[in-house]
Amino acid sequence: MTAPLLGIVADDLTGACDVAAAATDAGLHTVVSLGPPSGTPLADCIVVALKSRTAEPGIAVRQSLESGRWLLGHGTARLYQKYCSTFDSTDRGNIGPVAEALASIVAERAGTPDAALSIGTPATPQNGRTQYLGHLFVGDRLLSESPLRDHPLTPMGDPDLVRVLARQSTRSVGLLPHPVVRAGGDGLRAALRRLADSGAGHVLVDALDDDDLDRVAAALLAGDGPPALLGGGAGLAGALARRIAESLPADREGAALAPAVPAGRRLLLSGSASARTREQVAAFPGHVRTLDPLRLADGSDSAETVLSELAGRFAGHPDDTVLVSATADPDRVRAVQAQLGTAAAAELVERELGRIAVGAVDDLGVRRLLVAGGETSGAVADALGVRSLFVGRSAAPGVPWTVAGHRDGRTGADPIALLLKSGNFGGPDLFSTAWEVAP
Ligand SMILES: Nc1ncnc2c1ncn2[C@@H]1O[C@H](COP(=O)(O)OP(=O)(O)OP(=O)(O)O)[C@@H](O)[C@H]1O
Ligand SMILES: O=C(O)[C@@H](O)C(=O)CO
């Protein structure tokens, strides 16, 4: 195995796991690195996970460029910008600025620095995200009528992504409409070329199913198109990975294997505010320990209190799977945010869940952790000092079990299994069923 065939810069950790699962399912050996890797992982696909989704554009651009340059500098054949399949961002959001920055280093490498172009789509049909005439649908609802309109950090009120991306960009945004995608072949490649020649800085691509994405991937990898940064959800990345994997020899070198995870306890931590997570919390049959941000703020509750309750609980019920949850309905979240401030409430919950994770792993023998929520997962992984993840079997589409690599920060020589779940992913019973495929 030589240079990575696909290098992905992901704007959050659960998104990185989602796209890593797509590449793994396609047959690529895939590693997730939290920030640019310190060594050179043995992998076909390296996903660099950032925590930049809600960062100021300048910060997100700096971090993404650092990762993109690392990947290109290590010979990565194709660079991909992974953002959320529900285009989570704000008008001051950073998907556009990051796309422009990464497209410019791809164009520089191709020797066409004046022709920077990004081509992508959030469409991820296996999770019900489709794009039609530039409009994003979540299941059978427009994005703006889906629960994403109530997202605590990135409420999505406009379903027209051409408009949303244009508001975030300095370059113009073109659309590759569904009839052209459906027809595929030469027509699709010619339409892409025309959009590039017309000076578009970004092209958003419609897709309703995986066949659409496979046609787009074939056109993008045909070799006669404009050099471009590719990007979007896990859907297009999976289609590219399938196409890339087809050309790999069957007898190539193996990748580094995930270390075995020793027996130990299980814990669920939820800081997700999504509608799907609320269903999963409600359906969880085991013991639920609620975290109220107002009580954390006034000091009447804390990570230490939760950990000592967990110690007592595990002593009486050693095989228990306990859920510690800050998940609440949108009215309650808004009330907490009004009192504490949105960022302060988020930080408080993330910090305490991180401290609970560390105490549970270090002192209570927890070795398998399911964490719900993108920001929350990033915070928990940071607190645990995790730096890289081997990607294993998926518990649900886009939700793979992973193993934190040896010698990672606080986890020491004892690997732990982590399932880091995007808020909206997984069926209602995921909190019970995920353990059936845990490493
Ligand atoms: N009860 C609460 N009150 C206020 N904020 C909360 C509460 N519970 C969780 N939060 C915060 O809301 C944010 C939820 O975002 P997070 O990305 O973790 O999950 P999500 O809502 O499912 O989003 P995603 O779809 O990106 O995974 C976190 O920053 C978390 O700390
Ligand atoms: O694309 C998605 O929906 C997920 O990978 C994600 O990024 C949600 O946080």
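Residues numbered from 1 in each chain as written. Chains lettered and ligands numbered in written order. Predicted model: local features only at pLDDT ≥ 70, side-chain atom pairs only at ≥ 80, totals over all residues. Heavy atoms only, no water.

As a further point, take the site of ligand 1. Close to ligand 1 lie 21 residues; Ser272, Glu350, Gly374, Glu375 and Thr376 are nearest. Interatomic distance of 2.6 Å between a side-chain N/O atom of Ser272 and an oxygen atom of ligand 1. Contacts to ligand 1 include Ala346, whose backbone N or O atom sits 3.1 Å from an oxygen atom. If ligand 1 stood free it would expose 630 Å²; the protein chains cover 98% of that surface. At the level of elements, helix 12 (330–340), helix 13 (342–363) and helix 14 (374–384) are the ones that each hand at least two residues to the shell around ligand 1. In terms of residue class, the shell around ligand 1 is built from 8 nonpolar, 10 polar and 3 charged. (Near = heavy atom within 4 Å. Polar contact = N/O pair within 3.5 Å; in protein donor to acceptor, adjacent residues only side chain to side chain. Areas by Shrake-Rupley, 256 points an atom, 1.4 Å probe, with all protein chains shown as cover. Helix = DSSP H or I, 4+ residues; strand = E, 2+ residues; numbered from the N terminus. Nonpolar A, V, L, I, M, F, W, Y, C, P; charged D, E, K, R; others polar.)

Here the focus is helix 6 (residues 185–197). For helix 6, built from 13 residues, the straight-helix expectation of 18 Å at 1.5 Å per residue is met to within 8% by its first-to-last C-alpha distance of 19 Å. Among the residues of helix 6, those classed as buried are Leu188, Ala191, Leu192 and Leu195. In an axial view of helix 6, the angular spread of the buried residues amounts to 100°, which keeps them on one side of the axis. Residues of helix 6 that are exposed and angled more than 90 degrees away from the buried face: Asp186, Arg194 and Asp197. Looking at the buried side of helix 6, the elements it contacts are strand 5 (118–121), strand 9 (173–176), helix 5 (178–183), strand 10 (202–205) and helix 7 (210–220). Within two residues after helix 6, Gly199 carries a phi angle of roughly 95°, on the positive side. (Expected span 1.5 Å × (residues − 1). Buried < 20%, exposed > 50% of the residue type's maximum accessible area, 1.4 Å probe, protein only. Arc of directions from axis to C-beta. Contact = heavy atoms within 4.5 Å.)

When the UniProt feature table is mapped onto this chain numbering, "domain: Four-carbon acid sugar kinase N-terminal" (unreviewed entry) sits at residues 6–240. The span residues 6–240 is 39% helical and 20% strand by assignment, and the distance between its end C-alpha atoms comes to 9 Å. (UniProt positions renumbered as here; feature names shortened; annotations may be inferred.)

A few words on a nonpolar patch on the surface. Together, Tyr132, Leu133 and Leu208 line one region of the surface with nonpolar side chains, adding up to about 250 Å² of accessible area. Using a relative accessible area of 33% as the deciding quantity, one classes Leu208 as partly exposed. (Patch = residues over 30% accessible without salt bridge, like charges linked within 9 Å, V, L, I, M, F, W, Y side chains within 5 Å. Salt bridge = Lys/Arg side-chain N within 4 Å of Asp/Glu carboxyl O.)

Taken together, Asp12, Thr14, Gly15, Asp18, Arg53, Lys82, Tyr83, Cys84, Ser85, Ser422 and Phe425 make up all the residues around ligand 2. In this structure, Lys82 approaches ligand 2 through a side-chain N or O atom, which is 2.9 Å from an oxygen atom. For ligand 2, an oxygen atom lies 2.5 Å from a polar atom in the side chain of Ser85. Its free accessible area being 270 Å², ligand 2 has 94% of it covered by the protein chains. It is helix 1 (residues 13–25) that provides the largest number of residues to the shell around ligand 2, a total of 3 residues. Here the residues of the shell around ligand 2 sort into 3 nonpolar, 4 polar and 4 charged.

For the pair helix 11 (residues 303–316) and helix 13, the least separation of the axes is 9 Å and the interaxial angle reads 35°. As helix 11 packs across helix 13, the resulting crossing turns out to be right-handed. Of helix 13, the residues touching helix 11 (which contributes Ala303, Glu304, Val306, Leu307 and Leu310) are Glu352, Arg355, Ile356, Gly359 and Ala360. For the contact of helix 11 with helix 13, a count of residues per class yields 6 nonpolar, 1 polar and 3 charged. (Axes fitted to C-alpha atoms, helices over the stretch in contact; angles between N-to-C directions. Left-handed = near helix turned anticlockwise from the far one by under 90°.)

What follows deals with the nonpolar core. Within soluble globular proteins, side chains that are nonpolar tend to cluster in buried spots. Leu267, Leu310, Ile356 and Leu384 are the most contacted members of the largest nonpolar core, which totals 79 residues. Looking at which domains feed residues into this core, each of domain 1 (6–246) and domain 2 (265–437) supplies at least three. One finds Val48, Ala99, Ala101 and Val106 within the second-largest nonpolar core, a separate group that totals 24 residues. (Core = buried A, V, L, I, M, F, W, Y, C linked by side-chain atoms within 4.5 Å. Domains from an automatic or database assignment.)

Glancing now at unusual backbone geometry. Within the chain, Phe87 stands out as a residue other than glycine whose phi angle is a positive 55°. Along the chain, Phe87 turns up in the loop between strand 4 (78–82) and helix 3 (95–110). Looking at Phe87, the relative accessible area reads 0%, which means it is buried. A positive phi is found at Leu133, a non-glycine position, where the angle reads about 45°. With respect to the helices and strands, the residue Leu133 is situated in the loop between strand 6 (129–132) and strand 7 (135–138).

Our focus in this paragraph is the side chain of Glu375. Along the chain, Glu375 falls in helix 14. Residue Glu375 is classed as buried on the basis of its relative accessible area of 17%. Within the local environment of Glu375, its side chain forms a polar contact with the side chain of Lys51, the two groups lying 3.3 Å apart. Setting aside anything within four residues of it in sequence, one finds Glu375 in contact with Lys51, Arg53, Thr54, Leu153 and Glu350.

What follows concerns the domain arrangement of the protein chain. Assigned domains within the protein chain: domain 1 (6–246) and domain 2 (265–437). Summing both partners gives a buried area of about 2200 Å² for domain 1 against domain 2, and 63% of it is carried by carbon and sulfur. Taken as a group, Thr14, Leu34 and Lys51 account for 26% of the area that domain 1 buries against domain 2, more than any other trio of residues on that side. Among the ionic pairs, Glu350 bridges to Lys51, the shortest N-O distance being 3.4 Å. Taken together, domain 1 and domain 2 are joined by 6 residue pairs in polar contact (both at pLDDT 80 or more). For the side of domain 1 that touches domain 2, the secondary structure elements donating two or more residues are helix 1 and strand 2 (30–34). The biggest single contributor to the side of domain 1 that touches domain 2 is helix 1, with 8 residues. Tallied by class, the residues present in the side of domain 1 that touches domain 2 amount to 11 nonpolar, 8 polar and 6 charged. (Buried area = accessible area lost by both parts, 1.4 Å probe.)

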